[in-house]
Amino acid sequence: MSSTNVTYMKNRSISGLLLNWRNVVFVLIILGIFIFLKNTTLFEAILEGDLQKIETFVGNNRISILLFSTFVMIIQNTFTIIPLLIVITINITFFGFLLGFLWSWLTSILAAIIIFFLVRYLFQSWLLSKVDEKLVEKVENKGFLYVFEARIIPFVPTSLVNILAGVSSIKFSSFLLGTLFGNFIYFFVLALIPAGFLSSTINEYILGGIFLIVLTFYYVYSKKRKTPSKMEE
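Basis of the calculations
- Residues numbered from 1 in each chain as written.
- Predicted model: local features only at pLDDT ≥ 70, side-chain atom pairs only at ≥ 80, totals over all residues.
- Heavy atoms only, no water.
- Helix = DSSP H or I, 4+ residues; strand = E, 2+ residues; numbered from the N terminus.
- Contact = heavy atoms within 4.5 Å.
- Areas by Shrake-Rupley, 256 points an atom, 1.4 Å probe, with all protein chains shown as cover.
- Axes fitted to C-alpha atoms, helices over the stretch in contact; angles between N-to-C directions.
- Parallel < 35°, antiparallel > 145°, perpendicular 65-115°, else oblique.
- Left-handed = near helix turned anticlockwise from the far one by under 90°.
- Nonpolar A, V, L, I, M, F, W, Y, C, P; charged D, E, K, R; others polar.
- Expected span 1.5 Å × (residues − 1).
- Buried < 20%, exposed > 50% of the residue type's maximum accessible area, 1.4 Å probe, protein only.
- Phe/Tyr/Trp six-rings, centres within 6.5 Å; stacked < 30°, edge-to-face > 60°.
- Core = buried A, V, L, I, M, F, W, Y, C linked by side-chain atoms within 4.5 Å.
- pLDDT = per-residue confidence, 0-100.
- Patch = residues over 30% accessible without salt bridge, like charges linked within 9 Å, V, L, I, M, F, W, Y side chains within 5 Å.
- Salt bridge = Lys/Arg side-chain N within 4 Å of Asp/Glu carboxyl O.
- Lys, Arg positive; Asp, Glu negative; His and termini not counted.
- Charge placed at Lys NZ, Arg CZ, Asp CG, Glu CD.

## Quick look at the overall build of the chain
Turning to step 1, where the next piece is worked out: Regarding its fold elements, the chain presents 11 helices and zero strands.
Turning to step 2, where the next piece is worked out: Counting from the amino terminus, the chain carries its helices and strands in the arrangement α-α-α-α-α-α-α-α-α-α-α.
Turning to step 3, where the next piece is worked out: Intrachain contacts of the chain at a sequence separation of at least 6 include 74% that bridge at least 24 residues.
Turning to step 4, where the next piece is worked out: With the model as given, the accessible surface of the chain reaches about 14000 Å², and the carbon-plus-sulfur share is 67%.

## Here's the deal with the packing of helix α5 (residues 84-95) against helix α6 (residues 97-128)
Turning to step 1, where the next piece is worked out: The contact between α5 and α6 brings their axes to 7 Å, and the two run at 140°. The angle between α5 and α6 places the two elements in the oblique class. Handedness of the α5/α6 crossing: right-handed. Here V87, I88, N91, I92 and F95 of α5 lie close against α6, whose contacting residues are F97, L99, G100, F101, W103 and S104.
Turning to step 2, where the next piece is worked out: Within the contact of α5 with α6, the residues separate by chemical class into eight nonpolar, three polar and no charged.

## Side note on helix α4 (residues 62-79)
Turning to step 1, where the next piece is worked out: The terminal C-alpha atoms of α4, which comprises 18 residues, lie 26 Å apart, in line with the 26 Å expected from a rise of 1.5 Å per residue.
Turning to step 2, where the next piece is worked out: Every buried residue belonging to α4 is among I65, F68, S69, T70, V72, M73, I75, Q76, N77 and T78, and all of these are buried.
Turning to step 3, where the next piece is worked out: Looking at the residues trailing α4, positive phi occurs at T80, about 50°.

## Considerations on the packing of aromatic side chains
Turning to step 1, where the next piece is worked out: For the structure shown, the criterion picks out 12 aromatic pairs.
Turning to step 2, where the next piece is worked out: When the centroid spacing of 5.2 Å and the interplanar angle of 80° are considered together, the rings of W105 and F184 count as edge-to-face. Of this pair, W105 sits in helix α6 while F184 is found in helix α10 (residues 172-191), placing the two residues 79 residues apart along the sequence.
Turning to step 3, where the next piece is worked out: Judged by its relative accessible area of 17%, W105 is buried.
Turning to step 4, where the next piece is worked out: Through successive ring pairs, a cluster of aromatic residues spans F97, F101, W105, F184 and F188.

## Digging into the nonpolar core
Turning to step 1, where the next piece is worked out: Formed by 29 residues in total, the largest nonpolar core has its most connected members in I46, I54, F68, I82, L84, I88 and F187.
Turning to step 2, where the next piece is worked out: Those elements giving two or more residues to this core turn out to be α2 (40-48), α3 (51-58), α4, α5, α6, α8 (144-152) and α10.
Turning to step 3, where the next piece is worked out: If one sorts the elements of this core by residue count, α5 sits on top with eight residues.
Turning to step 4, where the next piece is worked out: The contact partners of L84, leaving out residues within four places of it in the chain, are M73, Q76, Y186, F187 and L190.
Turning to step 5, where the next piece is worked out: I115, V119, L122 and A150 belong to the second largest nonpolar core, which has 20 residues in total.

## Here's the deal with the confidence of the model for the chain
Detailed reading of the predicted model is not advised wherever pLDDT is low.
Turning to step 1, where the next piece is worked out: The predicted model of the chain averages 75 in pLDDT, with 68% of residues at 70 or higher.
Turning to step 2, where the next piece is worked out: Ranking the elements of the chain by mean pLDDT puts helix α1 (residues 3-38) last with 54 and α10 first with 91.
Turning to step 3, where the next piece is worked out: This stretch, residues 2-18, has a pLDDT under 50; its non-local contacts, to residues over four places away or in other chains, come to one contact.
Turning to step 4, where the next piece is worked out: pLDDT under 50 marks residues 229-233. Its contacts with residues more than four places away, or in other chains, come to one contact.

## Digging into the packing of α6 against α10
Turning to step 1, where the next piece is worked out: Where α6 contacts α10, the axes come no closer than 10 Å and their chain directions differ by 150°. Handedness of the crossing formed by α6 with α10: right-handed. Note on element contacts: α10 touches α6 through F172, F175, L176, T179, L180, N183, F184, F187, F188 and A191, opposite F97, F101, S104, W105, S108, I109, A112, I113, F116 and F117.
Turning to step 2, where the next piece is worked out: Grouping the amino acids of the contact of α6 with α10 by side-chain chemistry returns 16 nonpolar, four polar and no charged.

## Examining the environment of E133
Turning to step 1, where the next piece is worked out: By the element assignment, E133 lies in helix α7 (residues 133-142).
Turning to step 2, where the next piece is worked out: With a relative accessible area of 60%, E133 lands in the exposed category.
Turning to step 3, where the next piece is worked out: The spatial distance from the C-alpha of E133 to the C-alpha of S168 is 9.4 Å, given a sequence separation of 35 residues.

## Some words on a negative patch on the surface
Turning to step 1, where the next piece is worked out: On the surface, a cluster of negative charge is contributed by D132, E133, E137 and E140.
Turning to step 2, where the next piece is worked out: Tracing the chain through its elements places D132 in the loop between α6 and α7.
Turning to step 3, where the next piece is worked out: Since its relative accessible area comes to 46%, D132 is described here as partly exposed.

The structure is reproduced here in structure tokens:
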């Protein structure tokens, strides 16, 4: 057998292994979420924000609560079926304002990183055929700014941000920095509501103000990019 055929067979076997591992990971994720959602009482308690029921299921152990809130955040970053405000409210109730806010922020970063790498290294080729190419190009052109803007705009699902970033070719550093700064701002504003500093009735106005700040930031940033420097002239 020639060296070319040997190389081809090796590449084919590696591709087969990657495909098998991709399928295994995908099945495990779906299975885990299915088992979680199957317990409808717990899931309904989360959606309703019923902390007493949640505490009954999770218990008073701090480690179990940390693991539970992390898993909920991963689900939120994968499918966005659980309102983010509820997740933050649960953490603040169990850990207090400062620790609850920081834990929500840190787990959101961890969850975003997990989904980003899963999409990029396991599901990228499969998802590319299902995502609009123009949208992917837009993400690649804006890079950090796309992630940052999308994180603080309340109408953009977190799962969509993670998937589009993973499918695109933007650098992980741009994705990470956009997530770090964007989630910090957005989570801090949301954390003020369950902490009692803001009323949920004015939530839309606060978020609208953030959106206005984003547009201003983007306008200034784009102006600087389009303005040629003196050295170039």
